[in-house]
Protein chains: 2
Amino acid sequence: MLPGVGVFGTGSTARVLVPLLKAEGFEVHALWGRSEEEACCLAKEHGIPFHTSRSDDVLLHQDVDLVCIYIPPSMTRQIAVKALGIGKNVVCEKAATAVDSFKMVTAARYYPQLLSIMGNTLRFLPAFVAMRQLLMEGYVGEMQVCDVRVYGPSLLDQSYGWTCEELMGGGGLHTAGSSIIDLLSYLTGARAHRVHGLLRTFVQQNGLIRGIRRVTSDDFCFFQMLMGGTGSSSGGVCCTVTLNFNMPGSFVHEVMVVGSTGRLVARGTELYGQRNGSKGEELLLSDSGSAGPEVKEMPLPHLRGLSSMVKALRQSFQAHEERRSWARGSVAMAPTFEDGLYVQTVVEAVKRSSCSGEWECVEIMSQEPDPNHNLCEALQRNKN
Amino acid sequence: MLPGVGVFGTGSTARVLVPLLKAEGFEVHALWGRSEEEACCLAKEHGIPFHTSRSDDVLLHQDVDLVCIYIPPSMTRQIAVKALGIGKNVVCEKAATAVDSFKMVTAARYYPQLLSIMGNTLRFLPAFVAMRQLLMEGYVGEMQVCDVRVYGPSLLDQSYGWTCEELMGGGGLHTAGSSIIDLLSYLTGARAHRVHGLLRTFVQQNGLIRGIRRVTSDDFCFFQMLMGGTGSSSGGVCCTVTLNFNMPGSFVHEVMVVGSTGRLVARGTELYGQRNGSKGEELLLSDSGSAGPEVKEMPLPHLRGLSSMVKALRQSFQAHEERRSWARGSVAMAPTFEDGLYVQTVVEAVKRSSCSGEWECVEIMSQEPDPNHNLCEALQRNKN
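Residues numbered from 1 in each chain as written. Chains lettered and ligands numbered in written order. Predicted model: local features only at pLDDT ≥ 70, side-chain atom pairs only at ≥ 80, totals over all residues. Heavy atoms only, no water.

The name recorded for chain A in an unreviewed UniProt entry is Glucose-fructose oxidoreductase domain-containing protein 2, from Perca flavescens. UniProt annotates chain A under Function (unreviewed entry) with the comment "Promotes matrix assembly." Recorded in UniProt under Subcellular location (unreviewed entry), the annotation for chain A is "Secreted, Extracellular space, Extracellular matrix". (UniProt positions renumbered as here; feature names shortened; annotations may be inferred.)

Take a look at the structure:
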């Protein structure tokens, strides 16, 4: 039986998600927005019976068993942790910091019977599912290089807000880079152990953001990840990622894996491959083209991925009578909160590298940093 | 009046060059090959009256006024410097090291009346000539990012040789990266002041290179260059370059410049552009498709570039009655030996960065390093 759903957020993803959920038979019982007005507007549009700007009203709503959180990164941790504490299943977007991600991991570990997955949706895109399968079957031989490029128009909101602020989780690296980092670990089956990167904010002001306000989030980012080798002599896969959001009017989303005997390239939602020795590329998976509403603000790979994730969620819950129970099977490939922490750790290492100019190690947090750390240090210093 | 030409080399470039020279009306009087056999074979093929394996025989040949040097990098300096000393005009490929390049610069400075240009031929490709013109006219606004990728099959020769040896000037960075480094300084009008890079040799042995022999030259390289800013707040243009020569059956050559108001992309030999606000890309320059012989081993942009350079040489020499005189005009855009030294310096800085993991400064040599430097240091140490 399908669980009742509560949705957090009124942004472009939430707008796409609600109809997708409904199309799969989920009932959306409650909607939260930052303002009553925003919530009311979207609720009316999609016939959602209850809307609010107080998060507890959704979390405690008796018909809500699954909470989907698509809100600014800095608010995600608080809602996600609370939802798990109340006993609700959670699908959510990334948090703003590694510390927040770590708190989410702690909560998820504490409630293993609850569903807790990250809404990084590229893993579910059929092209990437097929790509991973082919990689595992040895289509490219030994993997050498992953080369990713994402080009598109500005990610900034119309008005000044979190998308402009690096510390609030804005910027290309945090927004688009996160899904790529997750995807590459899914495709290669390995994790980055060292990263190097360069971030730039080319457009610091525009027609809408001016005066004393400046954009601090990156609109261009280039980073490299050295993936943990599996003992191979070449020392694992090299990943290079280029993100450029100063390219209005285009959307390029290309993920290429080159190996010793061939290569695979996902362009947008389609998958191509070429084995060494063959004359040309073959189309391995075309886009079925049947993915719900077309949304201007949401790139097709993310739209299709989100749609596939909702389908997987439906299958997962359908398998059980009890509406809060779910089967791991069809959502087993989804990124866990642990994956979310890994991604956030890489993002922060790339940012560190951009400042230091050096390769930075990716060290996953294993315990929460002491909030009194600085205080303790000061006391320590006084003692000596 | 056109000068008589002597060609050094029997490799793929020399094979393409000879017919191009003849097509423009140059007479090739002499050919040098590493072995009598190689020289004889190519000379017969193209009806060159004289061939030899002794370099002086070409350099001192009385009908030779222009020497074209397309030989392994480690041999280039010696021939080029000698040719200038004998009073011949020189077109040549890159040397193997910055020290060699510096020696060539010294010779070129000493004989300013002689033509001395680098055979990095991408500058002459019509698509890049047009690109530079449009960049200067402000098509993309303020330049932000250059993004280059070159993908192709292995650069290794059939048998073990200099192409396998990093120290001999083999590898993707030295071979393909050099022309890109030169091109980007031509397009942006700036030079790299800091670089970061990573080189890999994924294929260290193959069916032909095995046993105790290993390839040391890179087959994968990506590097970033921060170009000298012209006082802009964003600190100049960021260039990212990806070279991958583990992709048999393909040849991708893409150079993109993104700016504040639009972008330009050269794909192969064609130029596309898109201004911000316009719906799609426009084709700005298509390939005329009229460039002499098709050669499997030589990528089209290089072939077309070489062809345009030979045309420019013809114009340059045609302007004068005396067959050793030339007009700067049509070859003014050609890379000088100074440009060659710059390129070599960047190549070596990228290699250093790949070892150190750090950003490396590009410092152009201003005097020849003392060959007794190490000895001096040792003496110094003994004294203390």
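Trainee: Which residues make up the environment of L199 of chain A, and what values go with them?
Mentor: All names here are of chain A. Structurally, L199 can be placed in strand 8 (residues 192-200). Along the backbone, L199 and V350 are 151 residues apart, and their C-alpha atoms lie at a distance of 8.5 Å. Once residues lying within four places of it in the same chain are set aside, the contact partners of L199 are L173, D218, F220, C221, V350, K351 and S354. (Helix = DSSP H or I, 4+ residues; strand = E, 2+ residues; numbered from the N terminus. Contact = heavy atoms within 4.5 Å.)

Trainee: Tell me about the pattern of salt bridges, and please be specific about residues and values.
Mentor: Tallying each qualifying case throughout the model produces 36 salt bridges over all chains. Of the charged contacts in the structure, one is a salt bridge between D339 of chain A and R123 of chain A, with a shortest N-O distance of 3.5 Å. Separated by 216 residues along the polypeptide, D339 of chain A in helix 9 (residues 337-356) and R123 of chain A in the loop between strand 6 (116-118) and helix 6 (126-136) bring together distant segments of the chain. A residue is classified by how much of its surface remains accessible, and D339 of chain A, at 13% relative accessible area, is buried. In this structure, R149 of chain B engages E254 of chain B in a salt bridge whose closest nitrogen and oxygen atoms are separated by 3.5 Å. A residue pair is termed long-range when its members are at least 10 positions apart, and R149 of chain B in strand 7 (residues 143-151) and E254 of chain B in strand 11 (residues 252-259) qualify at 105 residues. A network of salt bridges, in which partner residues are shared, links E254, R267 and E281 of chain A together with R149, E254, R267 and E281 of chain B. (Salt bridge = Lys/Arg side-chain N within 4 Å of Asp/Glu carboxyl O. Buried < 20%, exposed > 50% of the residue type's maximum accessible area, 1.4 Å probe, protein only.)

Trainee: Outline helix 7 (residues 172-188) of chain A, supporting the account with residue identities and numerical values.
Mentor: Residue and element names in this part refer to chain A. Its 17 residues give helix 7 an end-to-end C-alpha distance of 22 Å, which sits within 8% of 24 Å, the value for a rise of 1.5 Å per residue. In terms of burial, helix 7 is largely enclosed, as 16 of its 17 residues are buried. G189, located one to two residues past helix 7, shows a positive phi value of around 70 degrees. (Expected span 1.5 Å × (residues − 1).)

Trainee: For the relation of the copies chain A and chain B, give the residues involved together with the corresponding values.
Mentor: Superposition of chain A onto chain B requires a rotation of 180 degrees combined with a translation of 0.0 Å along the rotation axis, giving an RMSD of 0.0 Å. Taken together, these values place the two copies in the relation of a two-fold axis. Across chain A, the smallest distance between a C-alpha and the rotation axis is recorded for E358 of chain A, namely 2.7 Å. The residues that chain A uses at the interface reappear at the interface of chain B in 97% of cases, marking a shared surface. (Least-squares fit on C-alpha atoms with pLDDT ≥ 70 in both.)

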